[in-house]
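# Descriptive structure summary
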2 protein chains.
Amino acid sequence: MRNVCLIGCGAVGTIAAYVLEKSGQARVTAILRSNYDAVEEKGFDIDSVDHGKIQGWKPAKVLPSISAAAPLKAEEQYDFVVLAMKVLPDTVPPLVTDLKSLIAENTTLVLLQNGLDIEQPLATAFSQTIILSGVSMIGSRLTSPSSIFHEDPDILKLGPYFHHEESLPRTVQLDAARHFVGLYNLGLADAITRNTGAECILVEDVVGARWRKLLWNGTFNTLCTLLRISVGELLRSPGRVSLFEAAIHEMAAIATAAGYGEYVTEDIIQETIRGTPESSPFRPSMLVDFENGRPFELEIILGVPLRIAVDLGVNTPVLSGVYDMLKVVLWTLEERSRLST
Amino acid sequence: MRNVCLIGCGAVGTIAAYVLEKSGQARVTAILRSNYDAVEEKGFDIDSVDHGKIQGWKPAKVLPSISAAAPLKAEEQYDFVVLAMKVLPDTVPPLVTDLKSLIAENTTLVLLQNGLDIEQPLATAFSQTIILSGVSMIGSRLTSPSSIFHEDPDILKLGPYFHHEESLPRTVQLDAARHFVGLYNLGLADAITRNTGAECILVEDVVGARWRKLLWNGTFNTLCTLLRISVGELLRSPGRVSLFEAAIHEMAAIATAAGYGEYVTEDIIQETIRGTPESSPFRPSMLVDFENGRPFELEIILGVPLRIAVDLGVNTPVLSGVYDMLKVVLWTLEERSRLST
């Protein structure tokens, strides 16, 4: 049995925890923050396209803090520490500090998170730890703190974030990724048999996969949040061409300038657009966070790509304006929460 | 006694109606739409920095439609027809048609409205009618359909919109403006004696005054509406420099390219910014309209200047993005009102 510590049981993390335990080869210690009480009391209710309906499910262990999860003896050490919470600028430095208590010599870090360059602070702090970087394409959402509705299959692209190759040979990093992918696909075996579309895919260039996902996240998420509309409304609105199509091409231009053009070709852009129907009432997670008064992942979704655009001289009038405006929106959230306390 | 027909008793129009009647030389027939029932029943309650507290005031006549106001005999003809309602693209063509029943040979049209190029459709339809164009700097707002809180003095810059000078000599157009300014200042006599700051000022170049006002309206109004924050919040936010100051300089650049540089100098820009304190909780009228589900004046405030920018090759990345986004916001309002009926 593999020991897994998974931090952040939102819509992505909970399904990952479930899949890992379903493999029969992993025991998951889950660390929850905002939904700890609800889950500790009654477990998760999951309605999943991949796994069916599950009532009151709990991972092997549910804990309210990282410190409570620190292994006390060698056999409790973690094989994998999986990060599945939002990446916010303020939370990264304390997280890096806290993680030290979880990471042993043979622990592999696994990131199931959105955005760009999220691996860098971890690679700096944990130079001898293998980091697997995953881009989840799952369609799932929390419908209550302990209820998950999972409607689109769990497609997870995962590969090593190669770093310190002089002491961590590339083949060793790739082997760790193969190991995790195998474990995950074991947990997806039923869904794969039923052809739901679920699959964990080993990718050697996970940064390319991240840029490809940013075509969607950096445009739909951000514009829908700013305009407080669904993805379908954005596509039907007068902003489809002037804002959305302009933005997605700006994002592709940054990725291309950064050397990832093959992941953001015009065909891929059109496929990304076609994949989202005009009738869709879907509200991206960034908008849902905002509507619930929670900070959202602006920096890793838009701030980082735009700093790369500046460095490489790529012109991004729409995305830059959207970023500046969403910074005001985030500030407004903070300001109002400060005033109300 | 002058016969005045005034259309649109919002916060600007009602004070203008009151001032004109207070002159003792004008009788006002007011045409109200949304607030007709409330005002017909109990009149206006006005709390004014210029005029004090007035309860239950009504103009000489209150009517619910332009057709009801059409003069039936010569002595009922209007000397002035004053337009004080919002300027929305859909409402201009039917208004022009309706106005025909109000405008006689000696009628002067007076516009107390925001925005740019609002006079053109009227000059085309009424080539032999003098058009006076007014920019109101009043600080007043409706606190109910029939209650007005007026906190900053009534400063009205007004001048002829010169047109068809071959048949309407320039001096005749200027005389009409002097006449109206005199009438208005008669109504402001008490306030002027008490030095409230109120004044009606004859300007020969009203287009310059409109550009100057757009420095404020085109930036604070639009950004606060998009971000749903007060003018003070905008100034305190991280968008102050990247959005607001960028936008106000873009607007000045358009005005300068259009030949109105003297109205939008750096000194005037800084004065415009200084005039709005960071502590201000003021929510611009465009935002108030939006928050009440009403369409707002996007075209004459931002659409027209941006079309001029395109013609003159002025680069406006911030304002263009704001405009495209506010078009989506307007579309969302229409879409939701369409779905709810």
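Residues numbered from 1 in each chain as written. Chains lettered and ligands numbered in written order. Predicted model: local features only at pLDDT ≥ 70, side-chain atom pairs only at ≥ 80, totals over all residues. Heavy atoms only, no water.

Disulfides are covalent bonds that link the sulfur atoms of two cysteine residues. Applying the stated criterion across every chain yields a total of 0 disulfides over all chains. No disulfide involves cysteine 5 of chain A; its nearest neighbouring cysteine sulfur is the one of cysteine 9 of chain A, lying 9.9 Å away. Note on cysteine 5 of chain A: relative accessible area 0%, which makes it buried. Unpaired in this structure, cysteine 200 of chain B has its nearest cysteine sulfur neighbour in cysteine 9 of chain B, at a distance of 17 Å. (Disulfide = S-S within 2.5 Å. Buried < 20%, exposed > 50% of the residue type's maximum accessible area, 1.4 Å probe, protein only.)

Looking now at the pairing of strand E1 (residues 2–7) of chain A. Residues and elements named next belong to chain A. Extensive coverage of E1 is indicated by the burial of 5 of its 6 residues. Sheet analysis places E1 next to strand E2 (residues 26–31), joined by 6 bridges and oriented parallel. Paired with asparagine 3 across the two strands is arginine 27, which belongs to E2. A crossover links E1 with its parallel partner E2, the connecting element being helix H1 (residues 11–22), and its sense is right-handed. Bridge count between E1 and strand E6 (residues 80–83): 4 bridges; the pairing is parallel. Of the residues in E6, the one forming a bridge with leucine 6 is valine 82. (Helix = DSSP H or I, 4+ residues; strand = E, 2+ residues; numbered from the N terminus. Pairing = 2+ DSSP bridges. Right-handed = clockwise from strand over helix to strand, strands pointing away.)

Under the fitted operation, chain A is carried onto chain B by 0.0 Å of movement along the axis and a turn of 180°, and the coordinates agree to an RMSD of 0.0 Å. Expressed as an axis order, the relation between the two copies is that of a two-fold axis. Looking at the rotation axis and the C-alpha trace of chain A, the residue lying nearest is proline 317 of chain A, at 2.9 Å. In this assembly, 100% of the residues forming the interface of chain A have copies in chain B that are likewise at the interface, indicating an isologous arrangement. (Least-squares fit on C-alpha atoms with pLDDT ≥ 70 in both. Contact = heavy atoms within 4.5 Å.)

Ranked by internal contacts, the top residues of the largest apolar core, which has 145 residues, are Leu99 and Leu102 of chain A together with Leu99 and Leu102 of chain B. Beyond its immediate chain neighbours, meaning those up to four positions away, leucine 99 of chain B contacts Ile7, Val81, Leu83, Leu109, Leu122 and Phe126 of chain B. (Core = buried A, V, L, I, M, F, W, Y, C linked by side-chain atoms within 4.5 Å.)

This brings us to the domain arrangement of chain A. Residue and element names in this part refer to chain A. Its domain assignment divides chain A into domain 1 (2–204) and domain 2 (207–340). Each of domain 1 and domain 2 was reduced to a C-alpha centroid, and the two centroids are 25 Å apart. On the domain 2 side, the residues contacting the 19 residues of domain 1 number 18 residues. Summed over both partners, the interface of domain 1 with domain 2 buries about 1600 Å², with 61% contributed by carbon and sulfur atoms. (Domains from an automatic or database assignment. Buried area = accessible area lost by both parts, 1.4 Å probe.)

Before going further, it helps to examine the packing of helix H9 (residues 239–257) of chain B against helix H13 (residues 317–339) of chain B. Residues and elements named next belong to chain B. Packing of H9 against H13 brings their axes to within 7 Å, and their N-to-C directions diverge by 105°. Accordingly, the angle class assigned to the pair H9 and H13 is roughly perpendicular. Across the interface between the two elements, Ser242, Leu243, Ala246, Ala247, Glu250, Met251 and Ile254 from H9 touch Pro317, Val318 and Leu319 from H13. Of the residues in the contact of H9 with H13, the class split is 8 nonpolar, 1 polar and 1 charged. (Axes fitted to C-alpha atoms, helices over the stretch in contact; angles between N-to-C directions. Parallel < 35°, antiparallel > 145°, perpendicular 65-115°, else oblique. Nonpolar A, V, L, I, M, F, W, Y, C, P; charged D, E, K, R; others polar.)

Turning next to the interface of chain A and chain B. Taken together, the 23 residues of chain A in the interface contact 23 residues of chain B. Where chain A abuts chain B, roughly 2100 Å² becomes buried across the two surfaces, and 68% of that area is made up of carbon and sulfur atoms. Across the contact surface, chain A and chain B share 4 salt bridges. For glutamate 335 of chain B, the salt bridge goes to arginine 236 of chain A, with nearest N and O atoms at 3.4 Å. On inspection of chain A and its partner chain B, the count reaches 4 residue pairs in polar contact (both at pLDDT 80 or more). Counting residues per element, the ones that place at least two in the side of chain A that touches chain B are helix H7 (206–227), helix H8 (231–236), helix H9 (239–257) and helix H13 (317–340) of chain A. Top contributing element to the side of chain A that touches chain B by residue count: H13 of chain A, with 12 residues. (Salt bridge = Lys/Arg side-chain N within 4 Å of Asp/Glu carboxyl O. Polar contact = N/O pair within 3.5 Å; in protein donor to acceptor, adjacent residues only side chain to side chain.)

Summed over the entire model, instances satisfying the criterion amount to 34 salt bridges over all chains. Of the charged contacts in the structure, one is a salt bridge between aspartate 289 of chain A and arginine 294 of chain A, with a shortest N-O distance of 2.9 Å. A salt bridge links glutamate 233 of chain B to arginine 336 of chain A; its shortest N-O distance comes to 3.2 Å. With one member in each of two chains, glutamate 233 of chain B in helix H8 (residues 231–236) and arginine 336 of chain A in helix H13 form a pair that bridges those chains. The class for glutamate 233 of chain B is buried, based on a relative accessible area of 9%. The exposure class assigned to arginine 336 of chain A is partly exposed, which follows from its relative accessible area of 39%. Each of Lys86, Asp289 and Arg294 of chain A takes part in a single network of salt bridges with overlapping partners.

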